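Chain and residue survey
The primary structure of each chain is shown beneath.
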Amino acid sequence: IVNDLSPVDSKTLWLSIFAMMIPLGYCLGLSTADYLIHATNSIHWPYMIQTIAVFFLLLPMDYPIIRSEMKSTRVYRLLDTYRRASNIITDNRGSIELGQDVLFNLNGDLTDSLVRQSVTYSSTGVSRIDAQSPESSTLKDDLSHLITNRVFMFLSLGFAAFTFTFAGLFFWSPTYIEDTLGQKNGITILCVVAITSGIIGSLMGGIVEDYILKTDYQSPSKEMRCEVSTRISFIIIMIATVFLAISLILPHFFLFLFGLSLALMAYFGSLGPLYSALFGCVSDYYRGVAICFAAIIQHLLGDLLAPSLISVFRHMVGLRFAMFLLVIWLGWTVSAWFFALVYIRKYNRRTRVGRA
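Thresholds applied
- The residue numbering used here restarts from 1 in each chain and proceeds along that chain's sequence as written.
- In keeping with the predicted nature of the model, local features appear solely for residues at pLDDT of at least 70, side-chain atom pairs appear and are counted solely at 80 or more, and the whole-chain, interface and lining totals rest on all residues.
- Hydrogens and waters are ignored; side-chain quantities use all the structure's heavy atoms.
- Comment: elements are numbered from the N terminus, with helices defined as DSSP H or I runs of at least four residues and strands as E runs of at least two.
- Between buried and exposed lies partly exposed: a residue is buried under 20% and exposed over 50% of the maximum accessible area for its type, with that area taken using a 1.4 Å probe on protein chains only.
- Contacts are assigned to residue pairs with any non-hydrogen atoms lying within 4.5 Å of each other.
- Working definition of accessibility: Shrake-Rupley area with a 1.4 Å probe, residue cover restricted to the visible protein chains.
- A helix is expected to reach a length of 1.5 Å times the quantity of its residues less one.
- The angle between axes fitted to the seven residues ending at a residue and the seven residues starting there is what we call the bend at that residue.
- Polar contact is defined as a pair of N or O atoms within 3.5 Å, subject to the rule that within protein one atom must be able to donate a hydrogen and the other to accept it, and that residues adjacent in sequence are counted only when both atoms are side-chain atoms.
- Salt bridges are defined by distance alone: a side-chain nitrogen of Lys or Arg within 4 Å of a carboxyl oxygen of Asp or Glu.

Focus on the overall build of the chain
Counting its regular elements, the chain contains eleven helices and four strands. A buried classification covers 45% of the 356 residues belonging to the chain. Considering only contacts within the chain whose residues lie at least 6 apart along the sequence, 74% involve residues at least 24 apart. In the structure as shown, the chain presents an accessible area of about 18,800 Å², 68% of it carried by carbon and sulfur atoms.

Below you can see the structure in the form of structure tokens.
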């Protein structure tokens, strides 16, 4: 919905602001819960407030959004059918010329390859398209389509490792600040740093990508936008890896604060370009399923595993060295997004050569 409503020249900025709100919500929730626990000397109040918020605020607000997205998906599929039908042009002699249709999943690459559908000709201009109509696709078909889209899968797997690192960082940083670095109010410190870095990083990431697309490309295609977004996300995540490693080299509070601030700034700065890349590597027909599938991969392999796995390593080697696992884990993100960039660049080069 955000992607649809945003202006063409500032799509990434809009996506960055939207994506920023989720981790910032975690921070505000942590700080609020910490305050309530200390103020009431009870752990029950945060859970009661969360329950009330979910049932009386979030669900009524999400319902129209979900319905709107479902309608949007149906509209896109209807338009896709119309576009396919309009590719068949009949002239006055009754002959039929079949246009070219761009789909996003054939040979295992990004594979937005040109599909030539076979037709039977008749003197009256009636045709029969042998290719399967997209309206008959099932969820299994859609998932099979997405799994063979290498750019989408590498972006999603990298997103999962990316989420693992920063979910573990958000969960264990307050304990690290208090127990290892000897500071008080670890949750408050983390939330102040995350909110400040998050706002700055998100705005910078969105503005920079929109500026590059506006100045270096004239009306970039969806695939070219995906390539630019993937490249920016890849560069930013390498910067985040370096600064996160710096923050953990020595158990010094100000060094940790410096590295953490820049790492979180890079983290938030990459969210908008990342979502832009995910939207760009699939067609509108598969967009709803793609985002849901990417979110499932992100949570199952990311924030669901991180806190408990760091806890296991904490008991084995101590929290400081366990935190280095988060830095190492970002290596999976760097590798996955590198391969995503290779495949999308390969596809765009092949497309340009084909058009030439």
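What follows continues from the structure just given.
Notes on helix 5 (residues 150-180)
Between its first and last C-alpha atoms helix 5 spans 41 Å; for 31 residues at 1.5 Å apiece the expected length is 45 Å, and the two agree. Roughly 45° is the biggest bend found in helix 5, and it falls at Trp172, with proline Pro174 one to four residues downstream. Taking burial as the measure, the 31 residues of helix 5 include 23 buried ones, the bulk of the element. Two to three positions downstream of the cap, the backbone nitrogen of Val151 sits 3.3 Å from a side-chain oxygen, assigning the N-cap of helix 5 to Asn149. Backbone geometry just after helix 5 places Gly182 at a positive phi near 70°.

Section: the pattern of salt bridges
In the structure shown here, the tally under the stated rule is three salt bridges. Between Arg345 and Glu227 there is a salt bridge; the shortest N-O distance is 3.7 Å. Taken together, the residues Arg345 in helix 11 (residues 319-355) and Glu227 in helix 7 (residues 222-249) connect sequence positions 118 residues apart. Judged by its relative accessible area of 38%, Arg345 falls in the partly exposed class. According to the relative accessible area criterion, Glu227 is buried, its value standing at 6%. Several salt bridges share partner residues, and in doing so they unite Glu227, Arg231 and Arg345 into one network.

Notes on the environment of Phe256
Its location among the elements puts Phe256 in helix 8 (residues 253-280). Put simply, Phe256 and Ser173 are 83 residues apart on the chain and 9.9 Å apart in space, counted from C-alpha to C-alpha. With near-sequence residues (within four places) excluded, Phe256 lies in contact with Ser173, Tyr176, Ile177, Leu181, Ser247 and Leu248.

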